[in-house]
Amino acid sequence: MNLSLEGKTYVIMGVANKRSIAWGISQSLSKAGATLIFTYAGERMEKNVRQLADSLDQEETMVLPCDITDDNEIEKTFQDIKDKVGHIDGLAHCIAFANKEELDGDYLNTTRDGFMLAHSISSYSLTAVAKVIRELDLMKEGGSIVTMTYLGGERIVKNYNVMGVAKASLDASVQYLANDLGKDSIRVNAISAGPIRTLSAKGIGGFNDVLQEMEEKAPLNRLVTQEEVGDTALFLMSDLARGITGETIHVDAGYNKVG
Ligand code: N5H
């Protein structure tokens with residue numbers, strides 16, 4: 001048993017640019033010898049994702065569109081993947097969205113549409129993808145599904161608001177999916193990362209304060225990096241984590257244990 005992912009294939013959903021957590025995961029998996037397939041959301045992202053994918057040491061790069069609000073598109077994307085590679089060994093789901101104006105002030109002001117949108121993209125999308133993976137028997141040799149969550153789903157974090165409620169739903173989904181897919185030797189886990197400067201965090205009010213508090217209070221007195229999250233994903237994808245499912249691993253310099 002080792003950390004090598006040689007001969008294994010993984011789907012990475014949610015790379016936006018080189019600061020993305022999904023990109024940190026891609027680099028860790030690629031260094032371990034994995035073959036990667038990327039999906040992106042919307043044409044705006046395509047060029048970036050292709051460029052990044054091409055920069056990896058891969059024989060061939062597969063980059064596909066996947067609008068995770070559209071069940072037909074999810075099915076088509078994963079059918080394309082099946083046609084091309086036959087089966088996959090794992091999936092990293094690094095997708096979330098909420099309307100910016102609802103990530104500030106009172107949670108009470110969340111609209112029905114904003115609530116549904118945040119839940120559809122940030123939580124249901126994992127279930128939708130897992131469902132298609134099972135329908136297509138895409139992880140027929142077993143596999144590992146990893147999603148990204150955040151402390152704001154476990155407890156109140158200022159301004160996280162509807163995203164916190166969506167992450168709580170995602171966290172619960174991880175457990176139910178782990179139970180459904182365990183019989184097929186598919187493990188489902190979440191990584192709860194500390195705050196990292198990514199495109200999705202850009203322009204979010206109060207983000208600098210969150211970073212500062214983390215540096216002051218976290219047991220390791222520092223922030224975490226995309227690479228550290230990537231290496232934890234590598235562990236979860238590998239056989240070393242074969243006994244772990246339905247779990248959330250905090251990669252946050254210990255911050256969640258404080259206060
Ligand atoms: C407590 C905090 C800070 C306040 C809340 C931040 C929540 C961020 C997550 C969501 C996913 C950000 C988001 O949807 C922003 C969009 O409204 C606008 N941005 C975009 O559309 C960009 C271009 C694209 C790439 O973004 C997405 N998401 O598609 C939490 C922070 C300390 C930690 C954090 C930042 C957590 C997290 O969940 O990301």
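Look a little higher up for the structure.
Everything quoted here is computed from the prediction, not taken from an experiment. (Residues numbered from 1 in each chain as written. Predicted model: local features only at pLDDT ≥ 70, side-chain atom pairs only at ≥ 80, totals over all residues. Heavy atoms only, no water.)

Asks: I would appreciate a short explanation of the site of the ligand in the present structure.
Replies: Lining the immediate environment of the ligand, one finds 20 residues, of which Ala96, Ala98, Lys158, Tyr160 and Ile204 sit closest. Tyr160 places a polar side-chain atom, nitrogen or oxygen, 2.5 Å from an oxygen atom of the ligand. When the ligand sits alone it has 800 Å² of accessible area, and the protein chains cover 83% of it. (Near = heavy atom within 4 Å. Polar contact = N/O pair within 3.5 Å; in protein donor to acceptor, adjacent residues only side chain to side chain. Areas by Shrake-Rupley, 256 points an atom, 1.4 Å probe, with all protein chains shown as cover.)

Asks: Could you clarify how one ought to interpret unusual backbone geometry in this entry?
Replies: Working note: non-glycine residues mostly have negative phi, and peptide bonds are mostly trans. Unusually for a residue other than glycine, Ser185 sits at a positive phi of about 60 degrees. Within the element layout of this structure, Ser185 appears in the loop between α5 (161-181) and β6 (186-193). One non-glycine residue, Asn221, adopts positive backbone phi at about 50 degrees. Relative to the assigned elements, Asn221 resides in the loop between α6 (207-217) and α7 (226-237). (Helix = DSSP H or I, 4+ residues; strand = E, 2+ residues; numbered from the N terminus.)

Asks: Help me out: how do you make sense of α7 in this one?
Replies: Across its twelve residues, α7 extends 16 Å between first and last C-alpha, which sits within 8% of the 16 Å expected from 1.5 Å per residue. For α7, the complete set of buried residues consists of Gln226, Val229, Gly230, Thr232, Ala233, Leu234, Leu236 and Met237. Along its buried surface, α7 packs onto β1 (9-13), α1 (21-31), β4 (90-93), β5 (143-149), β6 and β7 (248-251). (Expected span 1.5 Å × (residues − 1). Buried < 20%, exposed > 50% of the residue type's maximum accessible area, 1.4 Å probe, protein only. Contact = heavy atoms within 4.5 Å.)

Asks: What am I meant to see in the packing of aromatic side chains here?
Replies: Geometrically, a pair of aromatic rings is defined through the distance of the ring centres and the angle of the planes. Taken as a whole and judged by the stated rule, the model has two aromatic pairs. Consider the rings of Tyr150 and Tyr160, whose centres lie 4.8 Å apart with planes at 65 degrees: the pair is edge-to-face. On the criterion of sequence distance, the pair formed by Tyr150 in the loop between β5 and α5 and Tyr160 in the loop between β5 and α5 is long-range, its members being ten residues apart. Its relative accessible area of 17% is what places Tyr160 among the buried residues. (Phe/Tyr/Trp six-rings, centres within 6.5 Å; stacked < 30°, edge-to-face > 60°.)

Asks: Sorry if this is basic, but what is going on with the sheet that holds β5 here?
Replies: Pairing between the strands of a sheet comes from backbone hydrogen bonds, and it takes one of two forms, parallel or antiparallel. An order of β3-β2-β1-β4-β5-β6-β7 is seen for the seven strands of this open sheet, with the pairing classed as parallel. Bordering the open sheet on either side are β3 (62-65) and β7, each of which pairs with just one other strand. On average, each strand axis in the sheet is tilted by 20 degrees relative to the strand beside it, whichever way the strands run. Note: β1 against strand β2 (residues 35-40), five bridges, orientation parallel. Paired with Ile12 across the two strands is Phe38, which belongs to β2. Against the sheet, helix α2 (residues 43-55) contacts β2 and β3, and its axis sits at roughly 170 degrees relative to β2. The strands touched by helix α3 (residues 71-85) within the sheet are β1, β2, β3 and β4, with β3 carrying the most contacts at an inclination of about 160 degrees. (Pairing = 2+ DSSP bridges. Axes fitted to C-alpha atoms, helices over the stretch in contact; angles between N-to-C directions.)

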